[in-house]
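What follows is the residue order along each chain.
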Amino acid sequence: MFSDIYFRLLLEVMDEDPKIQYKPSITPSDTEHAAVTAVKYYGQLISSAYEQNPASDIGIKFGRYMTPINSCDYSRLLTTAKNVGQCFHLLVEQYHTLNLKLLPMIHQRDGLVSISICFPYQEENNEPEIRFCSETFYSYCLNSLRELIDENINPIRVHLNYPKPQYAAQLEDLFCCPIIFDSALSMIEFEQDILSRELPSWNKIMHEVYLNRAQESWKDMKRLQSFRYRAVSKLMTQAPKFFNAQALADDMNISMRGLQKRLSAEGSSFSHISQLTRRELVKVCLLQRHLNLEETTHILGFQTQASFRRFFKGQFGVSPKSYLLKYVQEGCTEMAWM
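Now for a quick tour of the structure. (Residues numbered from 1 in each chain as written. Predicted model: local features only at pLDDT ≥ 70, side-chain atom pairs only at ≥ 80, totals over all residues. Heavy atoms only, no water.)

Looking at the overall build of the protein
- Across its full length, the protein holds 15 helices and five strands.
- In summary, the protein has a C-alpha radius of gyration of 20 Å against a globular reference of 20 Å for 338 residues, a match within 12%.
- Once the C-alpha set of the protein is aligned to its principal axes, its extents read approximately 50 × 50 × 45 Å.
- Residue pairs at least 24 apart in sequence account for 66% of intrachain contacts in the protein once pairs closer than 6 positions are excluded.
- Summed over its atoms, the accessible surface of the protein is roughly 15600 Å², and 48% of this surface lies on carbon and sulfur atoms.
- Across the protein, 36 positive and 38 negative side-chain charges occur, with their mean positions spaced 7 Å apart. (Helix = DSSP H or I, 4+ residues; strand = E, 2+ residues; numbered from the N terminus. Rg over C-alpha atoms; globule rule 2.2 N^0.38 Å. Contact = heavy atoms within 4.5 Å. Areas by Shrake-Rupley, 256 points an atom, 1.4 Å probe, with all protein chains shown as cover. Lys, Arg positive; Asp, Glu negative; His and termini not counted. Charge placed at Lys NZ, Arg CZ, Asp CG, Glu CD.)

Take a look at the structure:
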């Protein structure tokens with residue numbers, strides 16, 4: 001489902017930046033599937049662009065092209081959905097099949113619907129890549145709504161988890177709403193009634209065709225994804241069920257020993273991927289879903305609040321209360337549990 005059209009569009013955008021002087025080449029491995037090579041090369045192009053120009057605005061420029069008409073079967077699946085609500089839920093449910101570095105999460109609350117993006121597949125936060133992913137993903141969401149429903153649709157608020165860039169004015173022109181930079185979690189918020197808006201491109205028959213095609217593509221891609229990637233996806237989307245190693249092993253039809261062996265072969269462990277996943281989910285729980293500490297402790301698979309607080313302090317250097325207080329003061333969230 002990952003189309004080579006992304007490469008053509010990205011290469012065009014890179015050509016617009018005079019500070020980007022070269023583009024990496026890639027030699028496909030004889031043993032590696034073309035789909036895996038494609039995703040790797042896409043990532044290498046992005047990394048190369050920011051290495052040459054850390055302040056590049058290629059994310060927002062690339063985002064201009066991110067509309068359904070320019071995209072792949074994945075987009076056609078979304079745009080043939082009956083309404084925005086079904087489209088958004090498919091967006092979240094199917095995104096991990098693309099083998100990309102981000103994972104969206106959706107939540108409805110108090111008349112709003114929000115889509116956040118997490119980065120549980122990478123060891124450390126890579127600010128340029130996060131910037132690129134956030135800008136292109138939210139551009140795609142907004143461009144799609146404006147193209148399919150109403151060109152005047154705007155979000156209520158956008159949170160971006162990186163410092164205000166030099167080209168912030170371009171982001172303000174795109175979103176036409178308050179933008180909160182340096183947030184703990186990238187998130188876009190809309191009025192909840194947008195979910196019931198029907199898509200004029202809805203086609204029940206073709207939607208079933210694209211859904212079946214997506215499922216068939218996933219059967220092939222699942223074999224090609226790293227074991228670690230698939231394990232992290234399950235932890236993120238089905239917490240707290242799979243924070244138990246035995247439950248995860250059973251679901252993946254493998255023994256406990258086999259689970260640890262497969263993860264070890266990829267330089268990881270169950271404990272390590274659990275930590276990476278919890279690091280992302282805790283922000284979703286507290287900042288997007290506004291859960292209290294007891295609820296968050298349960299979803300993250302901790303037995304006690306004390307063990308959760310130790311984990312939190314180890315990850316973020318402060319207590320949950322101090323961490324949230326910072327974002328309350330910046331207008332990013334509310335302290336539901338205080």
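There is more to say after this.
Let's talk about the packing of helix α5 (residues 84-94) against helix α6 (residues 127-148)
- Relative to each other, α5 and α6 sit at 160 degrees, their axes nearing to 12 Å. Taken together, the axes of α5 and α6 are roughly antiparallel relative to one another. Viewed along their axes, α5 and α6 form a crossing whose handedness is right-handed. The residues of α6 that touch α5, namely those facing Val84, Phe88 and Leu91, are Phe137, Tyr140, Cys141 and Leu145. (Axes fitted to C-alpha atoms, helices over the stretch in contact; angles between N-to-C directions. Parallel < 35°, antiparallel > 145°, perpendicular 65-115°, else oblique. Left-handed = near helix turned anticlockwise from the far one by under 90°.)

Quick look at the environment of leucine 276
- Structurally, leucine 276 is set in helix α12 (residues 270-288).
- When sequence neighbours within four positions are dropped, the list of residues in contact with leucine 276 reads Pro120, Gln122, Glu123 and Arg228.

Side note on the sheet that holds strand β4 (residues 179-181)
- Read from one edge to the other, the open sheet built from five strands follows the order β1-β2-β5-β3-β4, with strand pairing classed as mixed. Only two strands of the sheet have a single neighbouring strand rather than two, namely β1 (103-109) and β4. On average, each strand axis in the sheet is tilted by 15 degrees relative to the strand beside it, whichever way the strands run.
- Where strand β3 (residues 157-160) and β4 come together, three bridges link them in parallel fashion. Its bridge partner lying in β4, valine 158 is registered against isoleucine 179.
- The strands that α6 touches are β1, β2 (112-118), β3 and β5 (186-191); relative to β2, the one it contacts most, it runs at about 145 degrees. (Pairing = 2+ DSSP bridges.)

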